[in-house]
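Observations on chain architecture
One letter stands for each residue in the lines below.
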Amino acid sequence: MKTDNRYFKGIPVIQYEGKDSKNPLAFRHYNARQKVGRKTMEEHLRFAVAYWHSFGGTGSDPFGMPTRSLPWSTAKDPVQRGYDKMDAAFEFIAKMGIPFYCFHDYDLVEEGDTLKQSEERLQKLVEYARKKQKETGIKLLWGTANLFSHPRYMNGAATNPDFHVVCHAAAQVKHAIDATVELGGTNYVFWGGREGYLSLLNTDMKREQEHMARFLHMARDYGRKHGFKGTFLIEPKPMEPSKHQYDFDAATVIAFLREFDLIHDFKLNIEVNHATLANHTFAHELQVAANAGLLGSMDANRGDYQNGWDTDQFPNNVIELTEAMLVLLGAGGLKTGGINFDAKVRRNSTDPVDLVYAHIGGMDAFARALLAAQAILEDGEYTSLRKKRYASFDTGKGKQFANGKLSLEDLQQLAKRNGDPESISGRQEYFENLLNRFC
Ligand code: XLS
Ligand code: NI
Ligand code: NI
């Protein structure tokens, strides 16, 4: 494919060269067209680049100023800066051979002084994105609105105690849904970074959550009325920036969706580092979502075993990813969703090529995990061993219990009759070794 060569000079289109390649600018495992079961790797993994980290991240942190300059951010006019950034984004995404991207409204173009100005700017960039998508074949996985950076949202967006702010958030969501529809996005995401509280003393939690539900209903109705056929996604995260966020984890979000009758239009976008912040594993969160039929999409990254915040590092742990892919394949794979690299290179990774290495690493790690998980499922021992642990519910009284045919007294009688159960090993280490054999 022909690509621009303006911002990532000297970076070729990254090709698959196989696992023995020593070329750092090649994939060793991700081979887009390789069949894995019935689908190609590209169809299974549906990778996406996150606009905010990859083209907006300067390396600044609470202790220090930016370490990277963004060559696409030098023009005087903000709309021109948006165009330049988009050129850089599409050049990079095309060189990586990644099929999708994701954005917040104000990743595309800086917010204006008024809502009207912001809306006009956004429309210009959406127009430009449409052209770029057509030229490159790159598609939009999801759009969202940034309802957390501006000071007006310091007390929340949809859950803000001031109705004025809620209206402002609604306007932004309307524009962002419009942009997503225009660009053929297959999902629309809500991540509620400020939807929560810092102190319960000044917070009417029940009222705030009711407002959030009302707001989501309105967004859903608007989207459906205006041609959005994709999936609305909620991205759970327990904390940061709020002390407590309402979308704490998958189970909490599912209960919320059920309580407020949103379960038919919304699914979940599970992010690795958000799972671990909630003291869960990534696989756990995926499984909770899958069990409810609500596994929509993933934000791929990883946390740090020692640091308790959202470090958003690129994924590299093949064993952990294989566990995740086992859940995903077991749930029938991704439909409208994808695997979005919501991850950033470290503050001291200052060269454009570092962003390339980061994505190559993440894609190769997922490819290895996909291949391992597929092989484990094809081998069958894992599935049959796990099933065997529950064999006592497959026949006889166990089956009757599972089908609701027995009472508590019946079980008591059986317990008396059968005497003490024998101990049966859970074989965790064996399962771990089995996994390891394929990774
Ligand atoms: C922040 C979130 C955010 C969402 C999109 O922690 O992961 O990046 O994915 O608003
Ligand atoms: Ni995050
Ligand atoms: Ni995210």
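One can find the structure itself at the top, above this paragraph.
Presented here is a report on the structure given in the accompanying data block. (Residues numbered from 1 in each chain as written. Chains lettered and ligands numbered in written order. Predicted model: local features only at pLDDT ≥ 70, side-chain atom pairs only at ≥ 80, totals over all residues. Heavy atoms only, no water.)

Here's the deal with empty space enclosed by the protein
Operational definition: Buriedness for pockets is judged along seven lines, at least five of which must meet protein on both sides within 12 Å for an open set on the 1 Å grid over protein atoms alone, while cavities are sets there where a 1.4 Å probe fits but cannot get out, and lining residues have an atom within 4 Å of a point. Grid points are joined across faces, edges and corners, and a volume is the space filled by probe spheres set on the points. The helix and strand labels rest on DSSP assignments: H or I over at least four residues marks a helix, E over at least two residues marks a strand, and numbering proceeds from the N terminus. Note that Gly is not counted as nonpolar here; it falls among the polar residues with everything else outside the nonpolar set of Ala, Val, Leu, Ile, Met, Phe, Trp, Tyr, Cys and Pro and the charged set of Asp, Glu, Lys and Arg.
With the rule as written, the count across this model stands at 1 cavity of 30 Å³ or more. In this structure, the largest cavity occupies an estimated 170 Å³ of space. Considering the residues around the largest cavity, the lining is formed by 18 residues, among which Leu 147, Phe 190, Trp 191, Gly 192 and Glu 195 are closest to the centre. Every element with two or more residues in the lining of the largest cavity is listed here: strand E8 (187-190) and helix H7 (205-225). Split by residue class, the lining of the largest cavity holds 12 nonpolar, 3 polar and 3 charged.

As for a nonpolar patch on the surface
Note the threshold: What makes a patch is a set of residues exposed beyond 30% relative accessible area and free of salt bridges, joined within 9 Å when like-charged and within 5 Å when nonpolar (Val, Leu, Ile, Met, Phe, Trp, Tyr). Under the convention used here, a 1.4 Å probe and the Shrake-Rupley method define accessible areas, while residue burial counts only the protein chains that appear. Salt bridge, as applied in this entry: a Lys or Arg side-chain nitrogen positioned within 4 Å of an Asp or Glu carboxyl oxygen.
A cluster of nonpolar side chains, namely Tyr 390, Phe 393, Phe 401 and Leu 411, defines an oily patch on the protein surface of about 380 Å² accessible area. Topologically, Phe 393 is positioned in the loop between helix H13 (381-388) and helix H14 (396-402).

Topic: the coordination of the nickel ion (ligand 3)
So the rule is basically this: Note that water is not among the atoms used; donors are N, O and S atoms within 2.8 Å of the metal (3.2 Å for Na, K and Ca), so sites may look incomplete. Between 85 and 135 degrees for all angles marks four donors as tetrahedral; over 155 degrees for opposite donors together with 65 to 115 for all other angles marks four donors as square planar and six as octahedral; every other arrangement is irregular. Residue burial is assigned from relative accessible area. The probe radius is 1.4 Å, only protein chains are included, and a residue is buried under 20% of its type maximum, exposed over 50%, and partly exposed in between.
At the metal site, the nickel ion (ligand 3) is ligated by Glu 235 (OE), Glu 271 (OE), Asp 299 (OD) and Asp 342 (OD), and these contacts range over 2.0 to 2.1 Å. If you look at the nickel ion (ligand 3), its 6 donor atoms make angles of 79 to 174° with each other, and the shape they trace is octahedral. One chain supplies every donor to the nickel ion (ligand 3), and in sequence these donors are spaced E-x35-E-x27-D-x42-D. The metal-metal distance between the nickel ion (ligand 3) and the nickel ion (ligand 2) is 3.9 Å, with Glu 271 coordinating both. Of the two residues, Glu 235 sits in the loop between strand E10 (231-234) and strand E11 (244-245) while Asp 299 sits in strand E13 (residues 295-300), which places them 64 residues apart along the sequence. Summarising the burial analysis for this pair, Glu 235 and Asp 299 share the class buried.

Things to note about the side chain of Lys 132
Stated formally: Note on contacts: a residue pair is in contact if any heavy atoms of the two residues lie within 4.5 Å.
By secondary structure assignment, the location of Lys 132 is in helix H5 (residues 115-136). Not counting residues up to four positions away in its chain, the partners in contact with Lys 132 are Asp 4, Met 86, Asp 87 and Phe 90.

A look at the layout of surface pockets
Looking at the largest pocket, its volume works out to about 1,400 Å³. Of all the secondary-structure elements, those providing two or more residues to the lining of the largest pocket are helix H2 (51-56), helix H3 (78-96), helix H4 (105-108) and strand E7 (139-144). Take the lining of the largest pocket: its biggest share by element is 4 residues, from H3. In terms of residue class, the lining of the largest pocket is built from 15 nonpolar, 15 polar and 18 charged. What the second largest pocket holds in volume is close to 800 Å³. Lining the second largest pocket we find 25 residues, and of these Glu 323, Leu 326, Tyr 382, Arg 386 and Phe 431 sit closest to its centre.

Overview of the site of ligand 1
For clarity, the cut-off: Distances are taken per atom, and a residue is near a molecule or strand as soon as one of its heavy atoms is within 4 Å of it. In protein, a polar contact requires one atom able to donate a hydrogen and another able to accept it; more generally it is a pair of N or O atoms within 3.5 Å, and residues adjacent in sequence count only if both atoms are side-chain atoms. Think of it this way: if more than half of a molecule's atoms are within 2 Å of a pocket's grid points, that molecule is in the pocket or cavity.
Neighbouring ligand 1 are Trp 52, His 104, Trp 142, Phe 148, Trp 191, Glu 235, Lys 237, Glu 271, His 274, Asp 299, Asp 310 and Asp 342. Between Glu 235 and ligand 1, the recorded distance is 2.7 Å, taken from a side-chain N or O atom to an oxygen atom. Within the side chain of Asp 342, one N or O atom sits 2.8 Å away from an oxygen atom of ligand 1. Placement of ligand 1 is best described as lying within the largest pocket. A breakdown of the residues in the shell around ligand 1 according to their chemical character gives 4 nonpolar, 2 polar and 6 charged.

With respect to unusual backbone geometry
Between Glu 240 and Pro 241 the backbone carries a cis peptide bond, its omega angle lying at 15°. Relative to the helices and strands, Pro 241 is located in the loop between E10 and E11. A positive phi angle, near 55°, is found at Asp 261, a position not held by glycine. Its place among the elements puts Asp 261 in the loop between helix H8 (250-259) and strand E12 (266-271). Look at Arg 427: it is not a glycine, yet its phi comes out positive at around 55°. Note on placement: Arg 427 falls in the loop between helix H15 (408-418) and helix H16 (428-438).

Examining the pairing of E7
The side chains of a regular strand alternate, first on one face of the sheet and then on the other. The condition that has to hold: Any two strands with at least two DSSP-identified bridges between them are counted as paired. When the strands point away from the viewer, a crossover counts as right-handed if the route from the first strand across the helix to the second turns clockwise.
Most of E7 is tucked away: 5 of the 6 residues are buried. Summarising the sheet, E7 and E8 pair through 2 bridges and their orientation is parallel. By the bridge assignment, Trp 142 is partnered in E8 with Asn 187. Between the parallel pair E7 and E8, the chain is carried across by helix H6 (residues 163-182), and the sense of this crossover is right-handed.

Nothing here speaks to function; it is all geometry.
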